[in-house]
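# Reading the structure
The residues making up each chain are set out below.
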Protein chains: 4
Amino acid sequence: MIVVMKQTADADDTARVAQHIEERGFSLHISKGEARTIIGIIGANEHELDSDSFEVLPGVEKTMRIMQPFKAASRDFTQKKTVINVNGSQIGGDRVAVFAGPCSVETREQILETAYAVADTGAQFLRGGAFKPRSSPYSFQGLGHEGLEHLAEAREKTGLSIITEVMSVEDIELVEQYTDIFQVGARNTQNYPLLKALGRASKPVFLKRGLAGTLEELLMSAEYILSEGNMNVMLCERGIRTFETYTRNTFDVNAIPVLQNLTHLPVIADPAHGTGKWDLVNPISKSAVAAGADGVMIEVHPNPAQAKSDGAQSLTLKNFAALMKDLKRVAAAVDRSI
Amino acid sequence: MIVVMKQTADADDTARVAQHIEERGFSLHISKGEARTIIGIIGANEHELDSDSFEVLPGVEKTMRIMQPFKAASRDFTQKKTVINVNGSQIGGDRVAVFAGPCSVETREQILETAYAVADTGAQFLRGGAFKPRSSPYSFQGLGHEGLEHLAEAREKTGLSIITEVMSVEDIELVEQYTDIFQVGARNTQNYPLLKALGRASKPVFLKRGLAGTLEELLMSAEYILSEGNMNVMLCERGIRTFETYTRNTFDVNAIPVLQNLTHLPVIADPAHGTGKWDLVNPISKSAVAAGADGVMIEVHPNPAQAKSDGAQSLTLKNFAALMKDLKRVAAAVDRSI
Amino acid sequence: MIVVMKQTADADDTARVAQHIEERGFSLHISKGEARTIIGIIGANEHELDSDSFEVLPGVEKTMRIMQPFKAASRDFTQKKTVINVNGSQIGGDRVAVFAGPCSVETREQILETAYAVADTGAQFLRGGAFKPRSSPYSFQGLGHEGLEHLAEAREKTGLSIITEVMSVEDIELVEQYTDIFQVGARNTQNYPLLKALGRASKPVFLKRGLAGTLEELLMSAEYILSEGNMNVMLCERGIRTFETYTRNTFDVNAIPVLQNLTHLPVIADPAHGTGKWDLVNPISKSAVAAGADGVMIEVHPNPAQAKSDGAQSLTLKNFAALMKDLKRVAAAVDRSI
Amino acid sequence: MIVVMKQTADADDTARVAQHIEERGFSLHISKGEARTIIGIIGANEHELDSDSFEVLPGVEKTMRIMQPFKAASRDFTQKKTVINVNGSQIGGDRVAVFAGPCSVETREQILETAYAVADTGAQFLRGGAFKPRSSPYSFQGLGHEGLEHLAEAREKTGLSIITEVMSVEDIELVEQYTDIFQVGARNTQNYPLLKALGRASKPVFLKRGLAGTLEELLMSAEYILSEGNMNVMLCERGIRTFETYTRNTFDVNAIPVLQNLTHLPVIADPAHGTGKWDLVNPISKSAVAAGADGVMIEVHPNPAQAKSDGAQSLTLKNFAALMKDLKRVAAAVDRSI
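Just so it is clear, the model here is predicted, and its values are computed rather than measured.

### Considering the overall build of chain A
Secondary structure assignment for chain A yields eleven helices and 14 strands. Considering only C-alpha atoms, chain A reaches an extent of 75 × 45 × 40 Å along its principal axes. Taking all 338 residues of chain A together, 67% fall into the buried category. Across chain A, the fraction of contacts at a sequence separation of at least 24, relative to all contacts at a separation of at least 6, is 68%.

What follows is the structure, given as structure tokens:
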């Protein structure tokens, strides 16, 4: 960490900062420039330093961190890319993983019909929400336990692995009995009690970026899971909130290569939430694969106009099959398969 | 709700939308303009309609809602402003409520020293976190149960009422035994299981706006609590995330009068999180009171440089006392007291 | 336009709105719902109505527009895609246009070396700034007239067409003598005197989206040019400003298919400004082409570490040649050529 | 400037950075930590260094600036606050300056009626646009020269000083013959040719923050004016663009005390653009004065429903008079007058 002193700071101010550093067990280097004095803090573990405690000292203008605040999620931790194995399918390897299915599990028939169609295209993962975080208390809140039963039946019948959202600590035990992958939604991306508990669970975690979450914050949330011992975490870019209102969110395609520079964890794209409009899902899915995504999550519904949630951003079964053909071509153009 | 058809939509498209409306038990009015056909949906309960289901029908350009999606939180529900009574102090009345104390309860001595100083200024509420949502798993996570004990002792000794954060459903029962007001932090503002459970609790809820939460979303989160029966909810503007990096967040002072137009619930300001810098807390607190806030939450610490969290935005006891004097003058200038 | 009345509005309020509408030569339809009265304004030219004038009338809650505010730029104006012909090369056709070159023209040698390398890859357009909008008055401001001379020589020697930025009305005449395409930068995207003057110029205009410009605003800026008679306008997505600081801007890949839905004008991507980092230019260029961009603008420099501007986001000649190979594969995968 | 090397950087990488620094005439200090090597660049004029040129060198992770990039606008330049004198009225002194008038000058009668009403309240400055930047080419574009004539007549009759917007370099000479203060609007805040030309003009400049402009960028724009010799610049916070759609913009009240920390220039608030709604102008004006603004700009119109622009955010003459009374009380509460 670097501490930059104000132009008006005097020797006492600098001495006070130096003492503050030494009290915390770090050493320091003072550099007096013509315009500013700068103090470099020397020591292996910058994470233990709280920049706040310096910024309130008299004469301090600002502090700047040298290191990323995440460790286990960092490329510094391991240069080798994490590959997550789920029932024989890999996430983070050469093949682009496809997670497809309805926003919500609505009926046994709906999820089975979708699952068969998804399996037919060669996708490996069936998504479907049983516990739904809805912005209105008056909206459909999901089938709960019954939805999990339907997902399990769909897995049995199609061989797809399943992924479903978990919204609170008390549901983890139940959901873990059914799912192959836990999904953490954008609204819970900084629900730390949930993340810690998932860090002690046995199944991989699919962690979505928050609506206004920086990439650093996403990696810090992953760090909560990793630091408890669960190393099978994949990250999902799902659009961020900006001033643009034509789309529901702004899909941050930059996040894909940036995260791959910063972390060894697989990076998945969610073009449905990233756009909010079904007719943008095809081009944005292709853009995500071209940018190097390790997977895509696609909302698919047999009849989007009757969907109980997210119909506007769901593909029909037929449009999903067409998308899979398009994605295979784009994946091949960047030396991946689907 | 209004459905706007595309210029290229034909009679079949319109008929399909009409049928979709009628199947849901609503009636409609079709208006054919020169450039667009517009369909008005008539019926009392627009909340039951999912705009998504219309937007996927062929020929539909967009939908527009007429009504606000919140009900119990709305001024339509009651024109009378909600006043919340806590141990004889009112929130939402003529007097501006002041919630002051450290970010975290760190030691018995720290919270007692702060509590006495807060009480001396005439403030009524002591804040202090026992369960802390920290962005890093390596940071201080709060004293937990022990922190609640210290808060209770501070209440006993000073007569201040206490407010503390609750982060998960399983902690509600414990926290409720101690606190006078539950605080829900910005990261949990869309933690719906938590909001529903607090809707069944007996103590008032202090609900912070999310980092990138719209005012509508904040009111929908309040609606989750209200719809379960707990009508004592106050809303808190605590800064939103923008592109500006000089401050930690951008304090949205507009939110204060806007919320007071939209809802009957009290509106509180949190200038510490809204700025992230202690030297901005004084001017922004004054601006909030001048804009009509029903209360302010202030972070106060006996020694900010040694604080375990949020030191950079905490006032010293002396600066807090000075702020209280300043606020009394501004409150008087807008016909309020403190 | 739809006018939504407040719940508390009375018959006088509604009558006043009706009179206001009729005074402006429009007719209306009043719909009294259980909760709200809604007034539809009927007439061909919604653009002439100022929503502000309604929102100040007593009893009005809000207004909502039915139509897009742009006309000549709209798909309603023509369903046929605009193809711009520049010296025999087409922009907006099957072939993806590539605009490549340094941020600034720095020396004759620099631009010639770059031009030869660009031409070798099969790209058709040479970019290079002679007038530079720099955020600091102390930074290099461009070679001006001399830079235009160098660009013209490079065109002569390589057969590339040239594109360069114009920053003010008084420079248009000079720049027009040299350039094949005018570039309008993000900072001038709402410089209306400049846009109007370019609407009367004879060369095509390459119009960049503003840093915080909505897609609607971008189309309204295009409308300024189109409405003066210059129909050869192409639009450029170059990243928007968000809270994310890891990248210089957030490249809004959604904008590509959205604009292609809304307008007949060609849509170009600028991944250099959209990311700010040279090592992200390759993946983001591929993502833009996969999403359907009609062209890409790439910053290329013989020696980025010595560049006088934007070195951090410039490709070396070698990396640019490699990118062109990669883009050809992605273009083919979406049925385009480069 | 600090250069942080990657964990994987080797001695050659560090040597190359060192050479790059020395070639530019700076000296350096290398600090090898356990995890990273850090290179401090030593020299008085950090402004001359382009961080881009370092970021493309192999092995460089990032650069961090020590100094603010603005100089003449900085508190380092002078600790004494700038007070601007216009016809005997001061801006930046103890008295809060009030700039009031219609968005556009529409007719002689309209501006005279408004001017008399403004003068009656004790305000000192009459605003009114003659050249109008409108987002639609189909909207009223201002009266131009005729509008300036009306403003001059209003000044003659009331003694108010006048302020009006200038949109392009070629209009400066004309506008300067009439106005007392040049206004630069949000859309031109980075129109550098305009700023440079105003830096050579003889009248003070009222510079608005850009829609998505950081405070640093605003100060860099001021620097363009100051560096040409015009030291009479005042800065205006007028709301920034965020995700919140209930208000037209988000008024960034934090900007007021932050700017006063960073610069010696006066800071004005524009609550009309900062909110977009006339009924929010009163509370937000009070909040701005409470936060320490040196002035407020208020849109006032004799009949907002008939205004040709910005009617929705304009006060009636009566509401403006009431606001002035309210502001006097708030100003007194923070030891200012109006």
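Moving on from the model shown.
### Thoughts on the environment of A305 of chain C
Turning to its location among the elements, A305 of chain C is positioned in the loop between β14 (295-299) and α11 (317-333). Spatially, the C-alpha atoms of A305 of chain C and T316 of chain C are 9.8 Å apart, while their sequence positions differ by eleven residues. The contact partners of A305 of chain C, leaving out residues within four places of it in the chain, are H20, R24, S53, V56 and L57 of chain D.

### With respect to the sheet that holds strand β13 (residues 267-269) of chain A
All names here are of chain A. Taking strand neighbours around the barrel as the criterion, the eight strands line up as β7-β8-β9-β10-β11-β12-β13-β14 in a closed arrangement whose pairing is parallel. For this sheet the average axis-to-axis angle between neighbouring strands, irrespective of direction, equals 25°. This element, helix α8 (residues 255-262), spans β12 (233-237) and β13 of the sheet and lies at about 170° to β13.

### Side note on the relation of the copies chain A and chain D
Screw-axis analysis of chain A against chain D gives a translation of 0.0 Å along the axis, an RMSD of 0.0 Å, and a rotation angle of 180°. Given the turn and translation reported, the copies of this chain are related as if by a two-fold rotation axis. Using C-alpha coordinates, one finds that chain A approaches the rotation axis most closely at F243 of chain A, a distance of 2.2 Å.

### So, helix α7 (residues 215-226) of chain A
Every α-helical turn comprises 3.6 residues, leaving residues that sit three or four positions apart pointing alike. Residue and element names in this part refer to chain A. An ideal rise of 1.5 Å per residue puts 16 Å on twelve residues; α7 measures up with 16 Å between its terminal C-alpha atoms. Within α7, eleven of the twelve residues are buried, leaving the element largely enclosed by the surrounding structure. Taken as a whole, α7 has its buried residues at L215, E217, L218, L219, M220, S221, A222, E223, Y224, I225 and L226. Packing partners of the buried residues in α7 comprise α6 (192-199), β11 (205-208), β12 and α8.

### Regarding the pattern of salt bridges
Evaluated as defined, the whole model comprises 76 salt bridges over all chains. Put simply, R108 of chain A and E109 of chain A hold a salt bridge, and the shortest N to O gap is 3.8 Å. A salt bridge links D270 of chain B to K208 of chain B; the shortest N-O distance between them is 2.6 Å. Highlighted residues: D270 of chain B in the loop between β13 (267-269) and α9 (271-275) and K208 of chain B in strand β11 (residues 205-208), separated in sequence by 62 residues. With relative accessibility at 4%, the residue K208 of chain B sits in the buried group. What emerges from the salt-bridge pattern is a single network uniting R108, E109, E153 and K157 of chain A.

### A word on the packing of helix α10 (residues 278-290) of chain B against helix α10 (residues 278-290) of chain D
At a closest axis distance of 7 Å, the pairing of α10 of chain B and α10 of chain D adopts a crossing angle of 155°. Of the possible angle classes, the one that applies to α10 of chain B and α10 of chain D is roughly antiparallel. The way α10 of chain B lies across α10 of chain D gives a crossing that is right-handed. The residues of α10 of chain D that touch α10 of chain B, namely those facing P283, K286, S287 and A290 of chain B, are P283, K286, S287 and A290 of chain D. Tallied by class, residues from the contact of α10 of chain B with α10 of chain D come to four nonpolar, two polar and two charged.

### Section: the interface of chain A and chain D
Taken residue by residue, the interface counts 22 residues in chain A and 22 residues in chain D. Between chain A and chain D, a total of about 1900 Å² is buried, with carbon and sulfur atoms accounting for 62% of that surface. If you sort the residues of chain A by the area they bury against chain D, I66, D76 and F243 of chain A come out on top, with a joint share of 25%. Scanning the region where chain A abuts chain D turns up two salt bridges. As a salt-bridge pair, D76 of chain D and R36 of chain A come within 2.8 Å of each other at their nearest N and O atoms.

### Focus on the side chain of D270 of chain B
Note on D270 of chain B: relative accessible area 1%, which makes it buried. In this view, D270 of chain B contacts K208, C236, E237, R238, F251 and M297 of chain B; residues no more than four positions away in its chain are not counted.

### Quick word on unusual backbone geometry
Not every positive phi belongs to a glycine, and D310 of chain A is a case in point at roughly 55°. One can find D310 of chain A in the loop between β14 (295-299) and α11 (317-333). Even without a glycine there, the phi angle at N87 of chain B is positive, about 50°. Inspection of the secondary structure puts N87 of chain B in the loop between β5 (84-86) and β6 (89-91).

### Concerning the side chain of E299 of chain C
Residues and elements named next belong to chain C. Relative to the elements of secondary structure, E299 occurs in strand β14. Note on E299: relative accessible area 1%, which makes it buried. A distance of 3.1 Å separates a polar atom in the side chain of E299 from a polar atom in the side chain of Q313. Leave out the neighbours within four places in its chain, and E299 touches G101, C103, R127, A272, H273, D310, Q313, S314 and L315.

### Some words on the packing of aromatic side chains
Going through the model one piece at a time under the given rule, you end up with twelve aromatic pairs over all chains. With a centroid separation of 4.3 Å and an interplanar angle of 20°, the aromatic rings of Y192 of chain A and Y224 of chain A are classed as stacked. Here Y192 of chain A is found in helix α6, whereas its partner Y224 of chain A is found in helix α7, with 32 residues between them in sequence. Side by side, Y192 of chain A and Y224 of chain A carry an identical accessibility label, which is buried. A connected cluster of aromatic rings, assembled from ring pairs, spans F99, F125 and F206 of chain A. In this arrangement the basic side chain of K71 of chain B is found over the ring face of Y138 of chain A, its NZ or CZ atom lying 4.3 Å from the centre. Directly above the aromatic system of Y246 of chain D lies the positively charged group of K277 of chain D, at a separation of 3.9 Å from the ring centroid.

### Things to note about the sheet that holds strand β1 (residues 2-5) of chain D
All names here are of chain D. Here four strands make up an open sheet; going across it, the order is β2-β3-β1-β4 and the pairing antiparallel. Two strands lie at the open edges of the sheet, namely β2 (27-32) and β4 (60-64), each paired on one side alone. Going across the sheet, the axis of each strand differs from the next one's by a mean of 20°, ignoring polarity. The sheet contact formed by β1 and β4 spans four bridges and is antiparallel. Its bridge partner lying in β4, V3 is registered against T63.

### Digging into the interface of chain C and chain D
Interfaces are often described in size by the accessible area the parts lose on coming together. Facing 48 residues of chain C, the contacting portion of chain D comprises 47 residues. Both sides together, the interface formed by chain C and chain D hides about 3800 Å², and carbon and sulfur atoms give 53% of it. Counting across the interface, chain C meets chain D through two salt bridges. Residues E217 of chain C and R241 of chain D are paired through a salt bridge, measuring 2.6 Å at the closest nitrogen-oxygen approach. Linking chain C to chain D there are 24 residue pairs in polar contact (both at pLDDT 80 or more).

About the cut-offs
By convention here, each chain's residues receive numbers from 1 onward along its written sequence. Here every chain gets a letter starting at A, and every ligand a number starting at 1, in the order they are written. Under the rules for a predicted model, residues below a pLDDT of 70 receive no local features and side-chain atom pairs below 80 are neither given nor counted, while totals for whole chains, interfaces and linings still include all residues. Hydrogens and water molecules were not included; the side-chain quantities draw on all heavy atoms of the structure. Secondary structure elements follow DSSP: runs of H or I of four or more residues count as helices, runs of E of two or more count as strands, with numbering from the N terminus. Exposure categories follow from relative accessible area, calculated using a 1.4 Å probe and restricted to protein chains: below 20% of the type maximum is buried, above 50% is exposed, and the middle band is partly exposed. Any two residues whose heavy atoms approach within 4.5 Å at even a single point are treated as in contact. Here, any two strands with at least 2 DSSP bridges between them count as paired. To define axes, lines are fitted to C-alpha atoms, for helices over the stretch in contact only, and angles between the resulting N-to-C directions are given on a 0 to 180 degree scale. Copy-to-copy superposition: least squares on the C-alpha atoms, limited to residues that have pLDDT of at least 70 in both copies. Expected span of a helix: the number of residues minus one, times 1.5 Å. The working definition used for a salt bridge is a side-chain nitrogen of Lys or Arg within 4 Å of a carboxyl oxygen of Asp or Glu. An angle counts as roughly parallel when it lies under 35 degrees, as roughly antiparallel when it exceeds 145, as roughly perpendicular when it falls between 65 and 115, and as oblique in every other case. For a crossing to be left-handed, the near helix must be turned anticlockwise from the far one by less than a right angle; the clockwise case is right-handed. Under the scheme applied here, ten amino acids are nonpolar (Ala, Val, Leu, Ile, Met, Phe, Trp, Tyr, Cys and Pro), four are charged (Asp, Glu, Lys and Arg), and all others, including Gly, are polar. We define buried area as the total accessible area lost by two parts upon association, computed with a 1.4 Å probe and summed across both. In protein, a polar contact means a hydrogen-donor-capable atom and an acceptor-capable atom, both N or O and within 3.5 Å, with residues adjacent in sequence counting only if both atoms are side-chain atoms; elsewhere, any N or O pair within 3.5 Å suffices. Pairing of aromatic rings covers Phe, Tyr and the six-membered ring of Trp, with a centre-to-centre limit of 6.5 Å; geometry is then stacked below 30 degrees between planes, edge-to-face above 60, and tilted otherwise. Definition used: whenever NZ (Lys) or CZ (Arg) falls within 6 Å of the ring centre and also within 35 degrees of the ring normal, the charge is taken to sit over that ring.

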